[in-house]
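Single-letter residue listing:
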Amino acid sequence: MSVVMRVRARLPLVVRRALAEPLLLAAAFGSILLATTAISALLLHAGSATQAGVRRALETAPLAATATVVTSSVTAGDFAGIDRAVRAGIAHAHQEVPVRVTARLESASYALKGQSRGDQPVLTRFAAYEGLDGRADLVSGRRPAETTTATVEAALSEPAARAMGVSTGDEFTVVGRLDGKPVRVRVTGVFRLRDPDDPRWKGEELLRYGTRTGDFTSRGPLVVPAGAFLGRFATGVSARWLAEPDLRRLSPDRLRPFSASVAGTSAAVRAGCPRCTVTETLSGTLLRLDRGALVARSTMLVPVLQLLVLSAYALALTARLLAEHRRMETALLRSRGGGSPRLAAMAAGEALLIALPCAPAAPFLAPVLLRLVSAFPWIEATGVEPPRTPDGATFAVAAAVALACAAMLAAPPLLAARRTYVEEQAARGRADRPGLVQRAGADVALLVLAALAVWRLRGQDAPETTRLGGELGLDPLVGAGPALALLCGGMAALRLVPAVARVAERATRRRPGFGPAVAARQVSRRPARYSGPALLLTMATAIGVLSLTTAATWRGAQEDRARHLAGAGLRVPALPGDDARTFAALPGIAAAVPAHRATVVADGADATLIAADAAHLGRVLLLRPDLSELSPATLATRIAGSAGQPLPVVVTPGLAETTRITAGTAAVPIRVVGVVTAMPGTPEGTPALLADLSALRAAGAKGAEWPVTEWWLATDGHDSTRAATARAAVLAASGRGRDVVDVAALTAGYRDDPTAAGLQGALLLGFAAALAFAVLGFLVNAAVSARERRGEFAVLGALGVSFRQTLGLLAVEQSFVIGLSLAGGVALAVAVSAAVVPPMVTAGYATGGGLPVLLHVPWLQVAALAAAVLTVLLVIVAGLARSLHRREPAAVLRAGEAS
């Protein structure tokens, strides 16, 4: 023991002073380490989830949203120069991003010999496709070669060969429509496109289907090598270049500058080819994606800000307990000549001694914490990989949080050092006064600030603002809205503690029972001692419930989006010969409704027309109840019309005044019989109309045909997977397997989106950290309070108070904290959730015109949370009661006399 004492005596005063309060300083260290680790993990998770979301969005972006198309008329002599200019311009605009450019050449029309006379000749074209060999398979024969003979070798697609009635080895002659020269053609092979619905073939209907009908009937094309094409067809040639960028390695921070570079594609290409026409959509896609990434990061920062507020208050509570416990010691040091600089140096040194070790430790603990969170199935399914090692930004964040925590830990001792020893002795017996924050009315100011933040959040589509120079940035006030609302709500709830304590004291004053009367008196006499833990536990509970509610609301919104886009449990394209019996054989199908989908003109703009069999539509239509005052069955009844009357339709709000639609050249008068906020089966925000297919056909528009284009299917138990798989096999054989719309697959896609899972992971981290702060703060406060009252409990023990009575006394005391905190936290979270969660989830989509977001409060999970917290806190109370009751009253009283 003497060795230990000698070693301890040689330690600096700051270290010796810290070792004298192991409980409080251990709690402070735990709070700082938890804060730095959790905040570092949240920021790492936000970055990883955002990067994964951007990567997935780029990988799954449709070709129409990323490709650049250049078209021009060329001749055999200038094609090589124009081709070099186009490729150079595209490469320059795409900078470091790899881009694949493929060219297509198409000749003027040729008439099949013997069919060139009359008003409706059968035409064909010669074409050369770069890269076609890798996207088509030979059915028979071989690929054409470049020959110098008079006969041109060509290949035909399978549909074209069938339509022209030719096969491998056949020869025929075509005649040029411009020059009248005949060309002899030998078919060397027949090929089949691997995926006729590939977006690369958009606009290439002749290649996809072999026949194109318009003013003339065209069949083909006759596919020849590029060299043979340029050697024989010098005039009337059109060229088309398709640029496909490889965006897989594009990082989120490069989206906006790369978008600006791609926007210059037209200028770069036209510098070398003035007559080229450039169609570029990638720059707009990148800007929308950059905005979505910004919104995703800002949405995931909401739990960070909540945790910052909670950790700050938890640390302030621990620092206040430490300052109160040392106030006599501090006053004595001041009375013995310790000046403010000396005391400030001691407080700052002690705070840095506790906080600085957390700065290097937290960045290494954060990835471990993230790996634990990523083990949850719904997060693991997204493919968001948590970082294995911290980066420099993580160390910087951890250091900043640790220094801020050190400042907060040192502030209360500095404020408490202003009293002398005599003033502290005089203040020891006084009742607690309201805190400085409440006396200054800061809770009212916070309420105003929180109301402003919530108002701004509800009044805009995303938590972002435009900085000087046109750049988008985060709006800190909007992002902090939920945290400010929780804080001011918790501070307002603090005012209930004294009032409830006084009511409880009056209620227990004249009633028998030792524990309730003494506990009520204790809380009524020192309400500030219990207000701090009450606020901490209230905010922690509110953050936990808010996290659960936000996650549940986000999942509900994803399911609603999937159900709305699908329109039915399963939606499939119609094939020749389909009828209701076709789908009755599929597993799990309960009803099948034929439908026609078309784009029509309504009020001068395009709209989607869905005409379905009204007799069974109510059984399959997935219409969310809040989107219409009428049920699906009632809507189906209303759209059933009769011949000779305007077509009854249900429309989206923008078409409520429409009286006529135009489909092709057919004009159809309509009568609006219902309005829905959004039309099932269409993308969110799409103008649409719903009609009865029989009534549409009975409208009698001349020249209009209304064939069944798709089938809407209802499934038993909302399980569409088996039926979708079975139907996909049939559609794949016809080359249309990409067109199945399955509500289960859509739901899984939305659920596994990295952005959605990123928010849920951030909420899970914030939820766990909030509960840890609550338990730690409650434990420390209860332990310190019990330690300070050891003499009081020793006297009670000497008077014969039993363990049961001691437990009852502590339980009743802490019930003010636990009961008010749990009830207030749940009520506060529900109120704040109703105000901020729907607009926050709406902003997370980063798109306008979506479905209204409905608030989902998972009451079973909230009840389980409250029960779990209550159990843990009661176990802590029982453990403290057991510890106090086991102490020998005589030893404690003698120790008190000696001190």
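See the structure above.
Scope of this entry: the structure provided in the associated data block. (Residues numbered from 1 in each chain as written. Predicted model: local features only at pLDDT ≥ 70, side-chain atom pairs only at ≥ 80, totals over all residues. Heavy atoms only, no water.)

**What to know about the overall build of the protein chain**
To be explicit about the condition: Only DSSP runs of H or I covering at least 4 residues are called helices, and only runs of E covering at least 2 are called strands; the numbering of each starts at the N terminus. Partly exposed residues are those whose accessible area sits between 20% and 50% of the maximum for their type, while under 20% is buried and over 50% is exposed, using a 1.4 Å probe and protein chains only. Two residues form a contact once any of their heavy atoms are found within 4.5 Å. In this description, accessible areas are obtained by the Shrake-Rupley approach with a 1.4 Å probe, and a residue is regarded as covered only by the protein chains that are shown.
The helix and strand inventory of the protein chain stands at 35 helices and 25 strands. The buried share among the 899 residues of the protein chain stands at 48%. Residue pairs in contact within the protein chain that sit at least 24 positions apart in sequence constitute 81% of those at least 6 positions apart. Of the accessible surface of the protein chain, which amounts to about 40400 Å², a share of 59% is contributed by carbon and sulfur atoms.

**A closer look at the nonpolar core**
As a reminder, the rule being used: Joining through side-chain atoms within 4.5 Å is the link that ties buried Ala, Val, Leu, Ile, Met, Phe, Trp, Tyr and Cys residues into a set, and such a set is a nonpolar core.
Ranked by internal contacts, the top residues of the largest apolar core, which has 84 residues, are Ile32, Leu310 and Leu409. Considering every element that reaches this core, the biggest residue donor is helix α24 (residues 527-566), with 14 residues. Once residues within four sequence positions are removed from consideration, leucine 310 is found in contact with Leu536, Met539, Ala540, Ile543, Ala770 and Phe773. By size, the runner-up hydrophobic cluster in this structure holds 39 residues, among which are Val70, Ile82, Ala161 and Val278.

**Brief notes about the packing of aromatic side chains**
Test applied: In summary, the pairing rule links any two rings of Phe, Tyr or Trp, Trp by its six-membered ring, whose centres are within 6.5 Å, and it sorts them by plane angle into stacked for under 30 degrees, edge-to-face for over 60 and tilted for everything else. Note on geometry: a ring has a charge over it if NZ (lysine) or CZ (arginine) is within 6 Å of the ring centre and within 35 degrees of the ring normal.
For the structure shown, the criterion picks out four aromatic pairs. Residues tyrosine 110 and phenylalanine 126 carry aromatic rings whose centres are separated by 5.2 Å and whose planes lie at 90° to one another, so their mutual orientation is edge-to-face. You can see tyrosine 110 sitting in strand β3 (residues 110-112) and its partner phenylalanine 126 sitting in strand β5 (residues 126-129), a full 16 residues away along the chain. Look at tyrosine 110 and you get buried, because its relative accessible area is 9%. Residue phenylalanine 126 is classed as buried on the basis of its relative accessible area of 0%. Consider the rings of phenylalanine 364 and phenylalanine 395, whose centres lie 5.6 Å apart with planes at 75°: the pair is edge-to-face. Here phenylalanine 364 is found in helix α14 (residues 358-374), whereas its partner phenylalanine 395 is found in helix α16 (residues 392-416), with 31 residues between them in sequence. Given a relative accessible area of 31%, phenylalanine 395 falls into the partly exposed group. Across from the ring centre of tryptophan 712, 5.7 Å away, lies the NZ or CZ of arginine 571, which sits over that ring.

**Let's talk about the pairing of strand β1 (residues 68-74)**
The criterion, for reference: Strands pair, by our definition, only if DSSP identifies at least two bridges between them.
The alternating pattern of β1 places Thr68, Val70, Ser72 and Val74 on a buried face, while none of Val69, Thr71 and Ser73, on the opposite face, is buried. With four bridges connecting them, β1 and strand β14 (residues 277-280) associate as antiparallel partners. By the bridge assignment, threonine 68 is partnered in β14 with glutamate 280. Looking at chain direction, β1 and strand β13 (residues 237-245) are connected through seven bridges and run antiparallel. Looking at the pairing, serine 72 lines up with alanine 239 of β13.

**A look at the state of the cysteines**
The following threshold applies: What counts as a disulfide here is a pair of cysteine sulfur atoms lying within 2.5 Å.
For the structure shown, the criterion picks out one disulfide. What pairs with cysteine 273 in a disulfide is cysteine 276, and their sulfur atoms sit 2.0 Å apart. As the torsion about the S-S bond is roughly 85°, the cysteine 273-cysteine 276 disulfide counts as right-handed. With a relative accessible area of 2%, cysteine 273 lands in the buried category. Of the residues examined, cysteine 276 reaches a relative accessible area of 1% and is grouped as buried. Free cysteine cysteine 358: the closest other cysteine sulfur is in cysteine 405, separated by 7.9 Å.

**Here's the deal with unusual backbone geometry**
Glycine aside, residues mostly have negative phi, and peptide bonds are mostly found in the trans state. Geometrically, the link from glycine 220 to proline 221 is a cis peptide bond, its omega value of 0° lying close to zero. Of note, proline 221 is situated in the loop between β11 (217-219) and β12 (222-223). Its identity as a non-glycine residue notwithstanding, glutamine 95 has a phi of 50°, on the positive side. By the secondary structure assignment, glutamine 95 is in the loop between α5 (79-94) and β2 (99-106). Classification of glutamine 95 as partly exposed rests on a relative accessible area of 42%.

**Things to note about the packing of α5 against helix α9 (residues 255-262)**
Applicable threshold: For helices, the fitted axis covers only the stretch in contact; all axes are lines through C-alpha atoms, and the angles between them, taken along N-to-C directions, range from 0 to 180 degrees. Any angle that is under 35 degrees is reported as roughly parallel, and any over 145 degrees as roughly antiparallel; angles of 65 to 115 degrees are reported as roughly perpendicular and all others as oblique. It is the rotation of the near helix from the far one that decides the hand of a crossing: anticlockwise by less than a right angle makes it left-handed, clockwise makes it right-handed. When residues are grouped by polarity, Ala, Val, Leu, Ile, Met, Phe, Trp, Tyr, Cys and Pro land in nonpolar, Asp, Glu, Lys and Arg in charged, and all others, Gly among them, in polar.
Between α5 and α9, the least distance of the axes is 7 Å, while the angle of their chain directions is 155°. Considering the angle they form, α5 stands roughly antiparallel to α9. Where α5 crosses over α9, the handedness of that crossing is right-handed. Listed contacts from α9 to His92, Ala93 and His94 of α5 are Phe258, Ser261 and Val262. Its residues placed into classes, the contact of α5 with α9 shows three nonpolar, three polar and no charged.

**Here's the deal with the pairing of strand β22 (residues 666-675)**
In terms of strand pairing, strand β20 (residues 647-651) meets β22 through five bridges, oriented parallel. Bridge pairing links valine 649 to valine 672 in β22. Across four bridges, the pairing between strand β21 (residues 660-663) and β22 is antiparallel. By the bridge assignment, isoleucine 661 is partnered in β22 with valine 668.

**Observations regarding the environment of leucine 365**
Take leucine 365: it is sitting in helix α14. In this structure the C-alpha to C-alpha distance between leucine 365 and proline 390, which are 25 residues apart in sequence, comes to 9.2 Å. In contact with leucine 365, other than residues within four places in its own chain, are Leu33 and Thr37.

**Side note on the pattern of salt bridges**
To keep it simple, the criterion reads: Think of a salt bridge as a Lys or Arg side-chain nitrogen and an Asp or Glu carboxyl oxygen that are within 4 Å of each other.
What the rule picks out here adds up to 22 salt bridges. As a salt-bridge pair, arginine 142 and glutamate 153 come within 2.8 Å of each other at their nearest N and O atoms. A residue pair is termed long-range when its members are at least 10 positions apart, and arginine 142 in the loop between β6 (136-141) and β7 (151-157) and glutamate 153 in strand β7 qualify at eleven residues. Arginine 142 sits in the partly exposed class, given a relative accessible area of 40%. Among the residues examined, glutamate 153 registers a relative accessible area of 7% and is labelled buried. Arginine 597 serves as the salt-bridge partner of glutamate 710, at 3.0 Å between the closest nitrogen and oxygen.

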